[in-house]
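What follows is the residue order along each chain.
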Amino acid sequence: METIIKQKIKEVKKGDQSAFEDIVSFYQNKVFHICLRMIGNSYEAEDLAQEAFIRAYTNIHTFDEKRKFSTWLYRIATNLSIDRIRKKKPDYHLDAEVKGTEGLDMYSQLAADQALPEEEVESLELQTYIHREILALPPKYRSVIVLRYLDELALQEIAEVLEIPVGTVKTRVHRGREALRKRLRHV
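These numbers were taken from a predicted model, which means no experiment stands behind them.

A. The environment of T78, seen in detail. Within the secondary structure, T78 is located in helix α4 (residues 69–87). A residue is classified by how much of its surface remains accessible, and T78, at 0% relative accessible area, is buried. Distance in space between the C-alpha atoms of T78 and L48 is 9.2 Å, their sequence separation being 30 residues. Each residue touching T78, except ones within four places of it in the same chain, is listed here: I34, M38, S143, L147, V161 and L162.

Structure, rendered in structure tokens:
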């Protein structure tokens, strides 16, 4: 798949806009989910994902074709999300989701054996609570926890996305897990 993406990038660099549409189609869900897990608001995540693709398109000439495009794109999305977090006021949170549906769009997969409705509600409440606690982590820990455990990126790929050494990624993952463990100790 990476070969096809690299070919599309070459076409975009030659001026073919439709090739970039294919790239957006391929990565749009992943980029949206990275932003959503970082920000916690689907409307803001949509805006950030769109901005990430705009930035990628306008700066495609700076992309080093020796590297993975996905890592470059995820780094753009992560940096935009971190910038948005920094610009927000500490206790200012616009939650556009309808009450009672919080977390449904992120955890839409149900077990095949169909759990009882009470169990589904408890599970959703727990997932929502854990996600809120992740959002309460400092941005430097939140970003590595989201990329590592929610987006399932390798440590090396996280290091490339965030432009920090792998050792720093490992430290932040460890400290982020410890901070999350302390926040969740009563659950």
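B. A look at the environment of N79. Here N79 shows up in helix α4. N79 sits in the partly exposed class, given a relative accessible area of 32%. Each C-alpha atom of the pair N79 and V161 lies 8.6 Å from the other, and the pair is 82 residues apart in sequence.

C. Region of interest: the pattern of salt bridges. Following the criterion strictly, the structure yields ten salt bridges and no others. D22 is the partner of K8 in a salt bridge, and the nearest nitrogen-oxygen pair spans 2.8 Å. Of this pair, K8 sits in helix α1 (residues 2–13) while D22 sits in helix α2 (residues 17–39), placing them 14 residues apart in sequence. According to the relative accessible area criterion, K8 is partly exposed, its value standing at 21%.

D. Quick look at unusual backbone geometry. One non-glycine residue with positive phi stands out, namely E152, at about 55°. Checked against the element boundaries, E152 lands in the loop between α6 (139–150) and α7 (155–162). Although it is not a glycine, E163 sits at a positive phi angle of roughly 55°. If you trace the backbone, E163 turns up in the loop between α7 and α8 (166–183). Judged by relative accessible area, which is 56%, E163 ranks as exposed.

E. Just the side chain of S70, in detail. Looking at the element boundaries, S70 is found in helix α4. If sequence neighbours within four positions are ignored, S70 has contacts with Y27 and E157.

What counts as what
Residue numbers here run from 1 along each chain, matching the order of that chain's written sequence. Only residues with pLDDT of 70 or above have their local features reported here, since the model is predicted, and side-chain atom pairs are shown and tallied only from 80 upward, although totals for entire chains, interfaces and linings are computed over all residues. Excluded from the side-chain calculation are hydrogens and water; included are all heavy atoms of the structure. Secondary structure follows DSSP: runs of H or I at least 4 residues long count as helices, runs of E at least 2 residues long count as strands, and numbering of each begins at the N terminus. Remark: exposure states derive from per-residue accessible area (1.4 Å probe, protein chains only) relative to the maximum for the residue type, with buried under 20%, exposed over 50%, and partly exposed in between. Whether two residues are in contact is decided by their heavy atoms, any of which lying within 4.5 Å being enough. We count a salt bridge whenever a side-chain nitrogen from Lys or Arg sits within 4 Å of a carboxyl oxygen from Asp or Glu.

Honestly, it's all geometry; don't read function into it.
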